[in-house]
Amino acid sequence: MKIAVLGGDGFCGWPAALHLSDLGHDVVIVDNLSRRSIDEELGATSLTPIRSIEERVTAWQEVSGHRLGFAELDVAQDYDGLVALLLRERPDAVVHFAEQRAAPYSMKSPAHKRYTVDNNTNATHNVLCALVETELDAHLVHLGTMGVYGYGTAGMKIPEGYLDVEVTPEGGADGDRVSVQMLYPTNPGSIYHMTKCLDQQLFAYYAKNDALRITDLHQGIIWGTHTDQTERDERLINRFDYDGDYGTVLNRFLMQAAVGYPLTVHGTGGQTRAFIHIRDMVRCVQIALEHPPARGDRVKIFNQMTQTHRVRDLAELVARISGATVEMVPNPRHEAAENELHVTNDTFLDLGLRPTLLEEGLLVEVEEVARRYAHRADLEKIPCTSVWTKEQQPGVPASR
Ligand code: NAD
Ligand code: USQ
């Protein structure tokens, strides 16, 4: 297949592009390099030393013999450029990672809120509109989030995108129940997560009105760094975010353990979230590409996660294997202090995904990534200082 990977310079997009290229697909990366500019804005860098996109592409060709295309393009701002790119490359599939993905970054200020909404909503809408205009019939695979569902379901298992509801038709008797399926009601916990809810509506509309073939992957929190491909040469190394805006919880704990910083558990640490290892993410994208919906089908939605964990349990686990200390810090987010989470993920398991479990991969990450690059860490960048409302406090450990 010819595959365009939008956002292919990012944490998920880069290993996914390499995985697809390694399988023999013809891959072109499209990215405006905004994630690298945001590093500069925040004065933060990846724990791992990532190379320029040009060096990455050259290294991959040397190591694998496969050519990767690269186009620097803002998918949200340059609609004509996007149409021209699609007409030139004529992809069979488009994988869309090109959004601002950090919840704390999206909550930092009015400017960050507006940037996140403008960037994410326009990027997604431009892709959809351009696919209709170019009449390419490419399969669009989008990276969405488990966060569209919200995390409190009164014990119910979250379905894959759609909720079965029984209703009594107007004029019917009590026994005349009919079943309807609707998009699971959204309940976002940040401006970033809200943009993914807006994306969902855009997908439903374009699948219905223009028969676009769309798969939306509701992905949990990624952990881990390396894939089989990024490991082959240090120039191919993936990024590892640990700062208070972009670092996700488990990778932050691994890094904190490696540098002797207390593990920063927000509030009581009672938040339960869905997780997936980065190696499984690239496999899931492959599986989704191999199983496209037909024209006229509704949007296919897969829950792309393999395990759920409570934040304080993760902290205790990391502390146990590394000797780190755990510290409860004020929660800078406006979120439920405690929640249960039960998730259906049968589609990927039925299609052959064999999950990497936390128990297998955790120690490797501490040893081979977090400790190896610990000398590059800037401890000042660790606390989460972006607060959701004026009532919240930054997540700074009292001991620091
Ligand atoms: P990232 O920030 O590392 O990568 C996103 C890439 O998209 C960056 O390279 C950035 O430069 C590019 N980009 C952003 N806006 C763009 C635009 N307008 N035009 C062109 N390129 C643009 O993020 P990530 O962790 O790789 O996440 C990728 C996708 O996966 C996101 O949509 C995110 O919501 C989703 N996701 C990520 C996680 C996670 O834990 N990292 C979990 C669930 C879902
Ligand atoms: N948390 C801590 N301590 C920390 C950092 C976070 O306790 O040092 C807590 C947060 O308060 C939250 C939970 O850990 O309750 C998860 O936070 P996170 O930053 O790891 O994840 P989140 O903000 O939800 O965002 C990440 C990705 C996003 C993706 C989402 C998937 O950045 O792109 O969409 O995970 S999900 O969580 O399933 O919605």
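Before reading on, note that the structure itself is shown above.
Below or above, wherever it landed, is the structure these notes cover. Keep in mind the model is a prediction, meaning the values are calculated, not measured. (Residues numbered from 1 in each chain as written. Chains lettered and ligands numbered in written order. Predicted model: local features only at pLDDT ≥ 70, side-chain atom pairs only at ≥ 80, totals over all residues.)

**Some details on the site of ligand 1**
Next, step 1: Ligand 1 sits among 27 residues. The nearest are Gly7, Gly10, Cys12, Arg101 and Leu143.
Next, step 2: When contributions to the shell around ligand 1 are tallied by element, the ones reaching two or more residues are helix 2 (34-42), helix 6 (110-134), strand 5 (139-145) and strand 10 (221-223).
Next, step 3: Residue classes in the shell around ligand 1 are distributed as 11 nonpolar, 10 polar and six charged. (Near = placed C-beta within 6 Å. Helix = DSSP H or I, 4+ residues; strand = E, 2+ residues; numbered from the N terminus. Nonpolar A, V, L, I, M, F, W, Y, C, P; charged D, E, K, R; others polar.)

**Notes on helix 12 (residues 358-370)**
Next, step 1: Its 13 residues give helix 12 an end-to-end C-alpha distance of only 16 Å, which falls more than 12% under 18 Å, the value for a rise of 1.5 Å per residue.
Next, step 2: Along helix 12, the sharpest change in direction is near 30° and occurs at Val364.
Next, step 3: Along helix 12, the positions that sit buried rather than exposed are Leu358, Leu362, Glu365, Val366, Val369 and Ala370.
Next, step 4: Residues of helix 12 that are buried in the fold lie against helix 8 (249-259), strand 14 (307-310) and helix 10 (311-322). (Expected span 1.5 Å × (residues − 1). Bend = angle between axes of the 7 residues up to and from the residue. Buried ≥ 20, exposed ≤ 12 C-beta atoms within 10 Å, placed from the backbone. Contact = placed C-beta atoms within 7 Å.)

**Some words on the packing of helix 8 against helix 12**
Next, step 1: Packing of helix 8 against helix 12 leaves a shortest axis separation of 10 Å and a crossing angle of 60°. In terms of orientation, helix 8 lies oblique with respect to helix 12. Of the two elements, helix 8 crosses helix 12, and the hand of that crossing is right-handed. Touching Leu254, Met255, Ala257 and Ala258 of helix 8 are Glu365, Val366 and Ala370, all from helix 12.
Next, step 2: Residue composition of the contact of helix 8 with helix 12, grouped by class: six nonpolar, no polar and one charged. (Axes fitted to C-alpha atoms, helices over the stretch in contact; angles between N-to-C directions. Parallel < 35°, antiparallel > 145°, perpendicular 65-115°, else oblique. Left-handed = near helix turned anticlockwise from the far one by under 90°.)

**What to know about the environment of Pro91**
Next, step 1: Along the chain, Pro91 falls in the loop between helix 4 (79-89) and strand 4 (93-96).
Next, step 2: If near-sequence neighbours (up to four positions away) are discounted, Pro91 is found in contact with Lys2, Ile3, Ala4, Leu86 and Ala138.

**Topic: the site of ligand 2**
Next, step 1: Near ligand 2, the surroundings consist of 23 residues, among which Thr145, Met146, Gly147, Val249 and His266 are the closest.
Next, step 2: Elements with a contribution of two residues or more to the shell around ligand 2: helix 8, strand 11 (263-266) and strand 12 (272-277).
Next, step 3: Split by residue class, the shell around ligand 2 holds nine nonpolar, nine polar and five charged.

**Here's the deal with the packing of helix 1 (residues 13-22) against helix 9 (residues 278-290)**
Next, step 1: Orientation of helix 1 relative to helix 9, taken along the N-to-C sense of each, is 55°, at an axis distance of 9 Å. Considered as vectors, helix 1 and helix 9 are oriented oblique to each other. Here the hand of the crossing between helix 1 and helix 9 comes out right-handed. Of the residues in helix 9, those in contact with Pro15, Ala16, His19 and Leu20 of helix 1 are Ile278, Val282, Val285 and Gln286.
Next, step 2: Residue composition of the contact of helix 1 with helix 9, grouped by class: six nonpolar, two polar and no charged.

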